[in-house]
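Okay, here's what each chain looks like letter by letter:
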Amino acid sequence: SSDLKPIIPCEQGDHPEPGITQCFLLDRKVEVVDGRVVVLEPDLENWFHFPGTVAVALTGWFQEYACVMRKYNHLSISGLFVPTKVRPKNRIRHDGSVDLELDAEEFELLLRGIERIGRIYLAAATPENGVTLHLATKAMLLDACGRPVRIRTYGQLRWAIAEIRKRGPAFVNLLTSHPQGGNCLGSVVDPATFRLNLCDGRQVENLRIVDGSIFPAGCEINPQLTIKALAHFAADRILGVTYATAGV
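A brief structural summary.

**Looking at the packing of helix H3 (residues 104–123) against helix H4 (residues 154–167)**
Working step 1: Running from N to C, H3 and H4 cross one another at 165°; their axes reach a closest spacing of 10 Å. Classified by the angle between their axes, H3 and H4 sit roughly antiparallel to one another. Read as a crossing pair, H3 and H4 show a hand that is right-handed. Residue-level inspection shows Phe107, Glu108, Leu111, Ile114, Glu115, Gly118, Arg119 and Leu122 of H3 in contact with H4, the latter providing Tyr154, Leu157, Arg158, Ile161, Ile164 and Arg165.

**Some remarks on the layout of surface pockets**
Working step 1: Here the second largest pocket is characterised by a volume of approximately 260 Å³.
Working step 2: If you go around the second largest pocket, you meet 13 residues; those closest to its centre are Val39, Pro83, Lys85, Glu105 and Leu109.
Working step 3: For the lining of the second largest pocket, the elements supplying multiple residues, two or more each, are strand S3 (36–41) and H3.
Working step 4: Its residues assigned to classes, the lining of the second largest pocket shows 5 nonpolar, 1 polar and 7 charged.

**What to know about the pairing of S3**
Working step 1: Pairing geometry for strand S2 (residues 29–33) and S3, over 5 bridges, is antiparallel. Note that in S3 the partner of Glu31 across the bridge is Val38.
Working step 2: Hairpin geometry of S2 and S3 is characterised by an intervening segment of 2 residues between the two adjacent antiparallel strands and by a positive phi of about 55° at Asp34.

**Focus on unusual backbone geometry**
Most peptide bonds take the trans configuration, and most residues that are not glycine carry a negative phi.
Working step 1: The phi angle at Asp34 is positive, at roughly 55°, despite the residue not being glycine.
Working step 2: Relative to the assigned elements, Asp34 resides in the loop between S2 and S3.
Working step 3: In this structure Asp34 comes out as exposed when scored by relative accessible area, which is 80%.

**What about the environment of Pro88?**
Working step 1: With respect to the secondary-structure elements, Pro88 resides in the loop between strand S5 (78–80) and strand S6 (91–92).
Working step 2: Considering only alpha carbons, one finds Pro88 and Leu100, 12 residues apart in sequence, at a separation of 9.9 Å.

**Comments concerning the environment of Arg28**
Working step 1: With respect to the helices and strands, Arg28 occurs in the loop between strand S1 (24–26) and S2.
Working step 2: Look at Arg28 and you get partly exposed, because its relative accessible area is 36%.
Working step 3: Here the alpha-carbon distance between Arg28 and Leu40, two residues 12 residues apart in the chain, equals 7.6 Å.

**Observations regarding the pattern of salt bridges**
If charged atoms from side chains of opposite charge come close, those side chains can pair.
Working step 1: For the coordinates displayed, the defined rule picks out 6 salt bridges.
Working step 2: In this structure, the salt-bridge partner of Arg119 is Glu115, at a minimum N-O distance of 3.9 Å. Of this pair, Arg119 and Glu115 both sit in helix H3, 4 residues apart, roughly one helical turn.
Working step 3: In this structure Arg119 comes out as partly exposed when scored by relative accessible area, which is 32%.
Working step 4: Of the charged contacts in the structure, one is a salt bridge between Lys166 and Glu163, with a shortest N-O distance of 3.1 Å. With Lys166 and Glu163 both in helix H4, this residue pair falls 3 residues apart, about one helical turn.

Each value, and the rule that gives it
- Residues numbered from 1 in each chain as written.
- Predicted model: local features only at pLDDT ≥ 70, side-chain atom pairs only at ≥ 80, totals over all residues.
- Heavy atoms only, no water.
- Axes fitted to C-alpha atoms, helices over the stretch in contact; angles between N-to-C directions.
- Helix = DSSP H or I, 4+ residues; strand = E, 2+ residues; numbered from the N terminus.
- Parallel < 35°, antiparallel > 145°, perpendicular 65-115°, else oblique.
- Left-handed = near helix turned anticlockwise from the far one by under 90°.
- Contact = heavy atoms within 4.5 Å.
- 1 Å grid on protein atoms, 1.4 Å probe; cavity = no way out; pocket = protein on both sides within 12 Å on 5 of 7 lines; lining within 4 Å.
- Points joined across faces, edges and corners; volume = space filled by probe spheres on them.
- Nonpolar A, V, L, I, M, F, W, Y, C, P; charged D, E, K, R; others polar.
- Pairing = 2+ DSSP bridges.
- Buried < 20%, exposed > 50% of the residue type's maximum accessible area, 1.4 Å probe, protein only.
- Salt bridge = Lys/Arg side-chain N within 4 Å of Asp/Glu carboxyl O.

What follows is the structure in structure tokens.
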């Protein structure tokens, strides 16, 4: 594409940003097709990350990489929630590391989310202060001449997304900030007593699970409020059982 430009030295706008903002949620876009709810674009959220985690996720070379990190207070970091299906490939290993893969449908939803974030940021650009997008890919995207691409227009964004689509989900840096599932309520955990059901039908005494592991699968938003609600509910039930046992 003719609008792809090579990396140029650091640029600073005249009006510094107030720093990285946190916890702004933009609802997903859905549409009902043949009576079925179809997610057109996923939920978006920006959140705070320290320079170290930004540096790990950011792809860049030498001067271009250093320029971005020097402008840490000018960055706005956004992510998107892609709910993953329950399947054996997505698991936590014994050493605590996470195996996370996307299928074709989930990958396409991820790409639509990247485009949605890009449109929002590019709309904030002005002639005096442009916006540069940095995508969390495993390697830098290069133009036809082998130069790193600077994404500053919608055309460049669409080109970058098409390149990522060609390379597949493994080309994107994936992470999960809110791992969920593993102890599904009603299957592994008895919904009446909150005791853990073992495969032979026995129950483990005095075990209560009220964290994100009781979710049946990963949801599309921060589960913090839901976990708090479950904790309150479980606490009331635990207190009720305790008082009844004590004869109060």
